[in-house]
Every structure is written in structure tokens, then in C-alpha cells.
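Here's the letter readout for the chains.
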Amino acid sequence: MVYKVHQRFICVVFFLFICFAGAKAQVVINEVMASNSTTTADEMGEYDDWVELFNNAQFAISLNGYYLSDDSLILNKWPFPNISIAGRDYLIIWTDKDPEQGSLHTNFKLDAAGETVLLVNPLLTIIDGVAYNTQAADTSIGRYPNGLGSFVPMLPTFDGQNQQGIITAVNNLQPQGGLKVYPNPATDAAIITLPVLPNASGGAALQLVNARGAVLQQLKLPPVAAASQIVLPVTQLPPGQYWVVYSSENSRLISGLTVVK
């Protein structure tokens, strides 16, 4: 059971994500899919791994002399062709280890079990990168907000603007009875485990409340038949104490959340 999220809460299917130089670069790694089963085929009709770049600038930027790599010891592993990426535009690179298939097909393949993707400039300086853990089939990790934010798991948005994440049902959660928030304290994001609320046929609400009692974010949820998890990004929150409130007409669960930098 999967629901799209329309607030600033973002789902998780157990990814670890690490941002390097990221949003400081004009051209950034914007989205990565390392297990493409049915999402999008390349020009050969093959469902291969891919990396999406995005140009945050308003003008075109040449990638001549740049490199893409999955190995920090071999930064010049795959050289870009003499190509430019237009302002506020996207570029897809197929990381399929099939360079004979075209100029945007790399000489390495991503590992769905986890590895690193690096964008390197002509001076062999890493200007952006992401490290990920196991990636489920036909899901991706991408920057949210698009081109600027941290990497979060999401439904793929191939060659387009990244959207907020998803909520996924989680099986065999132990324990299933309470509202859980971890890691706590949190620096980048907190995983919130939502139990099934009794008598919640009208749905539920999830709120983030600051120490003064003001509701900062609120997400309305439909009736849920299985425990689920959501990722709450906290990078934009000031350090301090917050409360996560999960409630329905007849139930109310509260857990503290500490944000540190």
C-alpha cells in the first residue's frame, strides 16, 4: 500500500543517503536509479541504471572535461562527451557499462546493493556526489527540493522535476504498538514509524509541533491497515525540541524529537 505525500514529509524504504558538495555546484547529481526494472528504457530498449544531472543555473554549462565515477580512487573513470546542459535543464546518463551503445552510456554499472556516484570537474575535484545503500527496484533517490535539497527516496521522475516522496506500508515492524521516531536526536532526517490507530476509519493526522506549541507541518493520512514509515527531513529546522503528534478522532500518540546540527 503506497500513498503519495503532499506536505514536506517524505517516505522511506530504508535508504542511507550521504550528500557531498551538493547544492553548492551549479550542475548537480539530481537523481539516481540503480535498479531499473520497468521504469524507463534507453534507446536500445534496455532497462538500465541511470543518473540524472540538473543545471541550477539559468545559462548552459559545458560538461566537456568533466567526469562521472563510482570510485573515489578513479575520479576520471568516465569522461563526458563534448556536450552542454542547458539552463534549468536535465541530462540523463545511462550507467550500464555499455559505452558502445552511445556517448551517454558509461563504462561502469551501478550496484543496487549500494555504492557512490561522483561528479568530477576538469581539475579532478569532486563537485557533487551521493552514497546510497540498498535501492529497491524501480525506486530512486533524488534531491528534494529539486536541484537543491538533500537526497531522499522517491518514486522516479526521469528527466523531470523531483517530487516529494512516498509512504510505504512496512511489514513485521517490531514493536508495532507505539509511535517511534529515530534517530533521535536527528540531524538530517528522522524516520517516523506509524502504528495502526484503532477506530480510525476517518483517517489520521500527523503533525510536527515546536516547543511553543505551534504546528509547523501537518499531513492528513487516509485510513491505514498496516504500520507504515515516513521520513521527516529536518535540515531546515532550527536546533531544538519538537513534538511529533499522530492522532485520529479517538486516539492520540506523541513522541519527542530533538534536532541537532
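This text goes with the structure placed above it.
*Asks:* Any chance you could break down the overall build of the protein chain for me, citing the residues and the numbers?
*Replies:* Assigned secondary structure in the protein chain consists of zero helices and 22 strands. Counting over 261 residues, the protein chain shows a buried share of 51%. Counting only carbon and sulfur atoms, one obtains 52% of the accessible surface of the protein chain, whose full area is about 11900 Å².

*Asks:* Kindly report on the sheet that holds strand S4 (residues 27–33), identifying the contributing residues and their values.
*Replies:* On the basis of which strands lie adjacent, the open sheet formed by five strands has the order S10-S5-S4-S13-S14 and antiparallel pairing. Looking along the sheet, the strands with just one partner apiece sit at the ends: strand S10 (90–94) and strand S14 (150–154). Between one strand axis and the next, the sheet turns by 30 degrees as a mean value, whatever way the strands run. For strand S13 (residues 140–144) and S14, the ladder comprises five bridges, and the chain directions are antiparallel. Bridge pairing in S14 links Arg143 to Phe151.

*Asks:* Now, about the pairing of strand S22 (residues 252–259): what can you tell me, with residues and values included?
*Replies:* The two faces of a sheet get side chains in turn, since along a regular strand they alternate between them. Where strand S21 (residues 240–247) and S22 come together, eight bridges link them in antiparallel fashion. Bridging across to S22, Trp243 finds its partner in Gly256. As consecutive antiparallel partners, S21 and S22 are separated by four residues.

*Asks:* Mind laying out the sheet that holds strand S18 (residues 204–210), listing which residues take part and the relevant values?
*Replies:* Across the sheet, four strands lie side by side as S19-S18-S21-S22; this open sheet has antiparallel pairing. The outermost strands of the open sheet, each flanked by one partner alone, are strand S19 (215–221) and S22. Between one strand and the next, the sheet's axes are offset by a mean angle of 15 degrees, whatever the strand orientation. Where S18 lies against S21, six bridges are found, and the strand directions are antiparallel.

*Asks:* I'd like a rundown of the pairing of strand S12 (residues 126–132), residues and numbers included.
*Replies:* Taking burial as the measure, the seven residues of S12 include six buried ones, the bulk of the element. Bridge analysis of strand S11 (residues 115–120) against S12 gives six bridges, and the strand direction is antiparallel. Bridge assignment links Leu119 to a residue of S12, and that residue is Asp128.

*Asks:* Would you mind going over the side chain of Thr40 in detail, with residue names and values included?
*Replies:* Structurally, Thr40 can be placed in the loop between S4 and strand S5 (50–55). The contact partners of Thr40, leaving out residues within four places of it in the chain, are Glu46, Tyr47, Trp94 and Phe158.

*Asks:* Can you lay out the pattern of salt bridges for me, pointing to particular residues and giving the numbers?
*Replies:* All told, the structure shown has three salt bridges when counted by the stated rule. In this structure, the salt-bridge partner of Asp49 is Lys109, at a minimum N-O distance of 3.4 Å. You can see Asp49 sitting in the loop between S4 and S5 and its partner Lys109 sitting in the loop between S10 and S11, a full 60 residues away along the chain. Classification of Lys109 as partly exposed rests on a relative accessible area of 42%. Asp128 serves as the salt-bridge partner of Arg143, at 2.7 Å between the closest nitrogen and oxygen. Pair noted here: Arg143 is in strand S13 and Asp128 is in strand S12, with a separation of 15 residues, a long-range link.

*Asks:* So what about the packing of aromatic side chains? Which residues, and what values?
*Replies:* Tallied over the entire structure, the rule returns four aromatic pairs. Relative to Phe158, the ring of Trp94 has its centre 5.7 Å away and its plane inclined at 35 degrees; by these criteria the two rings are tilted. Of this pair, Trp94 sits in strand S10 while Phe158 is found in the loop between S14 and strand S15 (166–169), placing the two residues 64 residues apart along the sequence. Ring-pair connections join several aromatic residues into one group, and the members of that group are Trp50, Trp94 and Phe158.

*Asks:* Quick one: what's the story with the nonpolar core, residue by residue and with numbers?
*Replies:* With 30 residues, the main nonpolar core has Ile29, Val32, Leu53, Leu68, Phe80 and Val117 as its most contacted residues. Contributions of two or more residues to this core are made by S4, S5, S10, S11 and S12. Ranked by residues supplied to this core, first place goes to S4 with four residues. With near-sequence residues (within four places) excluded, Leu68 lies in contact with Val51, Lys77, Trp78, Phe80, Ile93, Thr95, Thr106, Phe108, Val117, Leu118 and Leu119. Ranked by size, the runner-up nonpolar core spans 21 residues in total, among them Ala190, Leu232, Tyr242 and Val244.

Parameters at a glance
- Residues numbered from 1 in each chain as written.
- Predicted model: local features only at pLDDT ≥ 70, side-chain atom pairs only at ≥ 80, totals over all residues.
- Heavy atoms only, no water.
- Helix = DSSP H or I, 4+ residues; strand = E, 2+ residues; numbered from the N terminus.
- Buried < 20%, exposed > 50% of the residue type's maximum accessible area, 1.4 Å probe, protein only.
- Areas by Shrake-Rupley, 256 points an atom, 1.4 Å probe, with all protein chains shown as cover.
- Pairing = 2+ DSSP bridges.
- Axes fitted to C-alpha atoms, helices over the stretch in contact; angles between N-to-C directions.
- Contact = heavy atoms within 4.5 Å.
- Salt bridge = Lys/Arg side-chain N within 4 Å of Asp/Glu carboxyl O.
- Phe/Tyr/Trp six-rings, centres within 6.5 Å; stacked < 30°, edge-to-face > 60°.
- Core = buried A, V, L, I, M, F, W, Y, C linked by side-chain atoms within 4.5 Å.

Function cannot be inferred from these measures alone, as they are strictly geometric.
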